[in-house]
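Single-letter residue listing:
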Number of protein chains: 2
Amino acid sequence: MEELILKGKEAKKAARFLATVSTKDKNAALEKIGELLLAKKQEIINENNKDLIAAREKNITKAMLDRLTLIDVRIEDMAKGAIEVAALPDPVGEVIGMWKNKAGLQIGKQRVPLGVIGIIYEARPNVTLDAAALCLKTGNAVILRGGSEAINSNKAIVKVIGDALESVGFPRNCIQLVEDTSRETAREMMRLNEYIDVLIPRGGAGLIKSVVENSNIPVIQTGVGNCHVYVDSETDLEMAKNILINAKCSRPAVCNACETLLVHEKVAEVFLPLAYSGLKEYNVEIRACDKTLKYIPDAVRATEEDWDKEFSDYIIAIKVVDSIEEAIDHINEHGTKHSEAIVTTNYFNSQKFLREIDAAAVYVNASTRFTDGFEFGFGAEIGISTQKLHARGPMGLNELTTIKYIIYGEGQVR
Amino acid sequence: MEELILKGKEAKKAARFLATVSTKDKNAALEKIGELLLAKKQEIINENNKDLIAAREKNITKAMLDRLTLIDVRIEDMAKGAIEVAALPDPVGEVIGMWKNKAGLQIGKQRVPLGVIGIIYEARPNVTLDAAALCLKTGNAVILRGGSEAINSNKAIVKVIGDALESVGFPRNCIQLVEDTSRETAREMMRLNEYIDVLIPRGGAGLIKSVVENSNIPVIQTGVGNCHVYVDSETDLEMAKNILINAKCSRPAVCNACETLLVHEKVAEVFLPLAYSGLKEYNVEIRACDKTLKYIPDAVRATEEDWDKEFSDYIIAIKVVDSIEEAIDHINEHGTKHSEAIVTTNYFNSQKFLREIDAAAVYVNASTRFTDGFEFGFGAEIGISTQKLHARGPMGLNELTTIKYIIYGEGQVR
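Per chain, the residues get numbers from 1 upward, laid out in the order the sequence is written. In the order they appear in the text, chains get letters beginning with A and ligands get numbers beginning with 1. Given that the model is predicted, a residue must reach a pLDDT of at least 70 before its local features are reported, and side-chain atom pairs must reach 80 or more before they are shown or counted; all residues, however, enter totals for whole chains, interfaces and linings. Heavy atoms from the whole structure form the basis of all side-chain values; hydrogens and water molecules are not counted.

Student: Quick rundown of the overall build of chain A? Include the residues and the values.
Tutor: Counting its secondary structure elements, chain A contains 14 helices and 16 strands. Oriented by its inertia axes, the alpha-carbon framework of chain A measures out at about 70 × 70 × 35 Å. Remark: exposure states derive from per-residue accessible area (1.4 Å probe, protein chains only) relative to the maximum for the residue type, with buried under 20%, exposed over 50%, and partly exposed in between. Every one of the 414 residues in chain A was classed for burial, and the buried ones make up 58%. Only heavy atoms enter the contact rule, under which two residues are in contact if any of them lie within 4.5 Å. Looking at chain A alone, contacts between residues at least 24 apart form 72% of all its contacts between residues at least 6 apart. Per-residue accessibility takes into account occlusion by the displayed protein chains alone, with areas from the Shrake-Rupley method and a 1.4 Å probe. Total accessible area computed for chain A in this model is approximately 16300 Å², and 48% of it derives from carbon and sulfur atoms. The charge count treats Lys and Arg as positive and Asp and Glu as negative. His and the chain ends do not count. Taken as the charge centre is NZ of Lys, CZ of Arg, CG of Asp or CD of Glu, depending on the residue. Measuring between centres, the 51 positive side-chain charges of chain A sit 5 Å from its 59 negative side-chain charges. Helix and strand definitions here come from DSSP, where helices need a minimum of 4 consecutive H or I residues and strands a minimum of 2 consecutive E residues; each element is numbered from the N-terminal end.

Right, here's the structure in full:
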């Protein structure tokens, strides 16, 4: 707890410094970080090796080991990332609206940093650099708490960042790492609303749930995606197949991948065999409703739970629906309010779907895979919010800012 | 708990209905509510009398009794309020930005309702109507939990609202009241993130703290205001006095009233006697730093705690500072990030203050009392946020919405 409070105080100090630093200076710091990451590549790899040795002894999964591993090209990517963030426009200071009120006050709504951001994440050391760079660009101090598996790698990266910051005259405490990686300390960090303005968990459903349940700090939830593709009664079958295969198979582990296909019964007979042929090429396992089984006999029968699952794998649930209303009801009930798509040629159905689906991103005739800060054109992404407060959908730099009202008067009183 | 879960489920259903209702229909419902409140005035007053009798037996404070009392004109004001909300522009459906991405997708950012809003408040029955009207206008279902002292009044008001909703074809459960006013039920409501999207506490610091500490639902905090007026080294003395007196004395109980005056030492000798003469007219008690005591001998010596107090009364703390930097540091350390004002004729100092003060509203040469949804021109106010996520400063109808991305494609895949 003492480590945390000390870091909290230092972060607040650093946040005050960062709030008024010029864009030019922040960019210089980011470029320096990129430069130093390349210069210290070998040192980071050496520290990462310590983590890898410990991880192998603990028999962690292959996927986790892969995420933990830093090779040359990954550090080069991190360095490139920092430099790319430097090149993005700085949202801080932008006045997004200004008007005169009845009393003649000129009231402006200006973007400012959030203050101190806490990030709790798992065993991906690249998140360390990524989060640090985005927070620095937006003038926020950050307290990072990464997984214990990556502690040596994280320390090495944060040391490089600190050295770079100092070399350009920034306090190194703009970016701090919690070195005590115990669960108790993570819990304590979640109760630090005196020092931390916003908490962003990045990781699996378990981590996010724990933060939501325990935090007294406002949380930005980045969440799971149980996304649907609905093929409407009037549709372009070939386009529907392309979108389905892209949404399901281009990268099934990510949150914007499709998990359930809904098909209008009018097109089920022609579309389902077509879908099947495409899915088979990727060896996708199919969990099907009874009606679907008629057209895809070698599918598994879906259970009720399958409609709620984020498979994150080459598995898809398929259901035939009677109407667009049934499709919308199914999505609003089982979806996680992430990304939902309709494939249709009917104008009114497209409008109905856009209007009635409650999700961060609602698509007509495009793959759900586009829900991403880079694809949306934000130039960066700190995560995809599936909650409704502050930020919804892909979060770019703007979402790491808040606003303040700046008011120019000439003696007005009320 | 059962009452709450049932209400949660009903609210979700109602929210789906409200999300797609036309502005015209929502306005008709609001107008009907206004109409029926007038028609049922006497019934509401009779129920309110039950609360007043019980309250007098419990010896509640005079101020609380005043807030609890519904007389004819207050119900007429509530009715007028509902009709005024009907007349405001509807933010739902507004597309606040639309662009084409690299893949040719047309991506729009559209305002949509938050969903289900929970409001926990104290013994002010007019909040019941106010919150219900603003939520209805923005297409949100609402679960209200008012103080036990106002339970009969609240039931009567919610019954009138429900009757009005039904008469125009809306489900009455768009607006629900938790009838069990125990603390345990309030606590349980704070853990209902499965059904409630946002929780807004309205009331004293104790209530707000309890919600922040216990809620697993995202909270919009409306908070205390320890606001400052800083009179700079170069200033218009008469303007400074006007602003100070307005900020302190026009309504000292509200959150945007001034609590501490900071005066640059260069103008202390001339300004403090001037300020004193103005404050004396309102019998304001002065808690002064040592330097201030030289010019205002009959003031009380301020304690360290006084710099952190929201007096909400005819009391002011006064401190002489060496520099604008000291003023800014004092405000950023002791302020509650609500509303802060500088009175200056120096251009660079005005810019420095606007840039370096961390608060929801930062004023140059105007009274802090303008921090208010109506004064800002929003036409309504659900509260003043002193947190940084989602909403900061006065919250109008826009702040009761979130966004969704609507994406028009023509077969794009990634």
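Student: Tell me about the packing of aromatic side chains, residues and numbers included.
Tutor: Note on aromatic pairs: the rings of Phe, Tyr and Trp (six-membered ring only in Trp) are paired at centre separations within 6.5 Å, and the planes decide the class, stacked below 30 degrees, edge-to-face beyond 60, tilted for the rest. By the definition in use, this model includes 16 aromatic pairs over all chains. Their ring planes at 50° and their centres at 6.0 Å tell us that Trp99(A) and Phe378(B) sit as a pair that is tilted. With Trp99(A) in strand E1 (residues 95-100) and Phe378(B) in the loop between strand E13 (361-366) and strand E14 (383-385), the pair connects residues from two separate chains. Geometrically, the ring pair formed by Tyr347(A) and Phe348(A) is edge-to-face, given 5.2 Å between the ring centres and 85° between the ring planes. Just as Tyr347(A) is exposed, Phe348(A) falls in that class too. An aromatic cluster is defined as three or more aromatic residues linked by ring pairs; in this entry it consists of Trp99(A), Tyr405(A), Phe376(B) and Phe378(B).

Student: Summarise the pairing of strand E16 (residues 401-412) of chain B; cite the residues concerned and give the values.
Tutor: Residues and elements named next belong to chain B. Of all 12 residues that make up E16, 9 are buried, and the element is covered over most of its length. For two strands to be treated as a pair, DSSP must find at least two bridges joining them. Bridging between strand E2 (residues 106-113) and E16 involves 8 bridges; their strand directions are antiparallel. Looking at the pairing, Lys109 lines up with Tyr405 of E16.

Student: How would you summarise the interface of chain A and chain B if you had to cite specific residues and measurements?
Tutor: Counting from both sides, the interface comprises 70 residues of chain A and, opposite them, 70 residues of chain B. When the two sides are added together, the surface that chain A and chain B hide from each other amounts to roughly 5800 Å², 53% of it contributed by carbon and sulfur. Note: buried area is the sum, over both parts, of the accessible area (probe 1.4 Å) each one loses when the two are combined. For the chain A face of the interface with chain B, the top three residues by lost area are Leu389(A), Tyr405(A) and Arg414(A), together amounting to 15%. We count a salt bridge whenever a side-chain nitrogen from Lys or Arg sits within 4 Å of a carboxyl oxygen from Asp or Glu. On the surface where chain A and chain B come into contact, there are 6 salt bridges. With its nearest N and O atoms 2.7 Å apart, the salt bridge here joins Glu213(A) to Arg191(B). Counted as a polar contact is a pair of N or O atoms within 3.5 Å, where, for protein atoms, one must be capable of donating a hydrogen and the other of accepting one, and residues adjacent in sequence contribute only when both atoms are in side chains. The tally of links from chain A across to chain B stands at 45 residue pairs in polar contact (both at pLDDT 80 or more). Looking at the side of chain A that touches chain B, the elements with two or more residues in it are strand E2 (106-113), helix H9 (205-214), helix H10 (237-249), helix H13 (324-334), helix H14 (347-356), strand E13 (361-366), strand E15 (393-395) and strand E16 (401-412) of chain A.

Student: Help me get a handle on the domain arrangement of chain A, residues and values and all.
Tutor: Each domain span listed reflects an automatic or database assignment of domains. When the domains of chain A are assigned, the result is domain 1 (2-221 + 391-408) and domain 2 (227-370). Centre-to-centre, using C-alpha coordinates, domain 1 of chain A lies 36 Å away from domain 2 of chain A.

Student: Which residues make up unusual backbone geometry, and what values go with them?
Tutor: All names here are of chain A. Positive phi is not limited to glycine here, since Lys337 has a value of about 60°. Take Lys337: it is sitting in the loop between H13 and strand E12 (339-343). The backbone phi angle of Asn365 is positive, close to 55°, even though this residue is not glycine. Among the structural elements, Asn365 can be located in strand E13. Overall, Asn365 belongs to the buried group, its relative accessible area being 9%.

Student: With reference to specific residues and values, describe the sheet that holds strand E8 (residues 258-264) of chain A.
Tutor: Sheet strands pair via backbone hydrogen bonds, and the direction of the pair is either parallel or antiparallel. As summarised here, the arrangement of the 10 strands in space is E10(A)-E9(A)-E11(A)-E8(A)-E7(A)-E12(A)-E13(A)-E16(B)-E2(B)-E1(B), forming an open sheet in which the pairing is mixed. The outermost strands of the open sheet, each flanked by one partner alone, are strand E10 (300-301) of chain A together with strand E1 (95-100) of chain B. With 5 bridges joining them, E8(A) and strand E11 (residues 315-321) of chain A adopt parallel strand pairing. Bridge pairing in E11(A) places Thr260(A) opposite Ala317(A).

Student: Quick rundown of the relation of the copies chain A and chain B? Include the residues and the values.
Tutor: C-alpha atoms of residues with pLDDT of at least 70 in both copies form the basis for the least-squares superposition of the copies. Rotating chain A by 180° and translating it 0.0 Å along the rotation axis places it on chain B, where the RMSD comes to 0.1 Å. Both copies of the chain, as the preceding transformation shows, are related through a two-fold rotation axis. Residue His390(A) of chain A places its C-alpha closer to the rotation axis than any other residue of that unit, at 1.8 Å. A share of 100% of the interface residues of chain A reappears at the interface of chain B, consistent with the copies meeting face to face through the same patch.

Student: If you had to explain the pattern of salt bridges to someone new, which residues and values would you point to?
Tutor: Counting across every chain of the model gives 58 salt bridges over all chains. In this structure, the salt-bridge partner of Glu47(A) is Lys50(A), at a minimum N-O distance of 3.1 Å. Taken as a pair, Glu47(A) and Lys50(A) lie in helix H3 (residues 41-57) at a separation of 3 residues, close to a single helical turn. Note that Asp163(B) is salt-bridged to Arg172(B), the shortest N-O span being 3.0 Å. Linked by salt bridges that have partners in common, Asp197(A), Lys337(B), Asp358(B), Lys388(B) and Arg392(B) make up one network.

Student: Break down the UniProt feature "domain: Aldehyde dehydrogenase" (unreviewed entry) in chain A for me, citing the residues and quoting the values.
Tutor: UniProt positions are given in the numbering used here, feature names are shortened, and annotations may be inferred rather than shown by experiment. Per the UniProt entry, the sites bearing "domain: Aldehyde dehydrogenase" (unreviewed entry) are residues 9-282 and 315-404 of chain A in this numbering. In the segment residues 315-404 of chain A, helix accounts for 23% and strand for 31%; the C-alpha atoms at its two ends are 46 Å apart.

Student: So what about H9(A)? Which residues, and what values?
Tutor: Residue and element names in this part refer to chain A. Along H9, the residues classified as buried are Leu207, Ile208, Val211 and Val212. All buried residues of H9 project into a common sector of 130° when viewed along the axis, lining one side. The outward face of H9, more than 90 degrees from its buried face, is lined by the exposed residues Gly206 and Lys209. Packed against the buried residues of H9 are strand E3 (116-121), helix H8 (183-190) and strand E6 (198-202). Taking the helix axis as origin, the arc is that swept by the directions to the C-beta atoms.

Student: I'd like to hear about the sheet that holds E3(A), residue by residue, with values.
Tutor: Residue and element names in this part refer to chain A. Across the sheet, which stays open at both edges, the 4 strands sit in the order E5-E4-E3-E6 with parallel pairing between neighbours. Edge strands, defined here as strands with exactly one partner in the open sheet, are strand E5 (175-177) and E6. Across the sheet, the mean angle from the axis of one strand to that of its neighbour is 20°, orientation sign disregarded. The pairing of E3 with strand E4 (residues 141-145) spans 5 bridges and is classified as parallel. Within E4, the position partnered with Val116 by the bridge is Ala141. Lines fitted to C-alpha atoms define the axes, with helix axes restricted to the stretch in contact, and inter-axis angles between N-to-C directions lie between 0 and 180 degrees. Sitting on the sheet, helix H7 (residues 151-167) touches E3, E4 and E5, and the angle it makes with E5 is about 155°. Across the sheet, H9 touches E3 and E6, and the angle it forms with E6 is around 160°.

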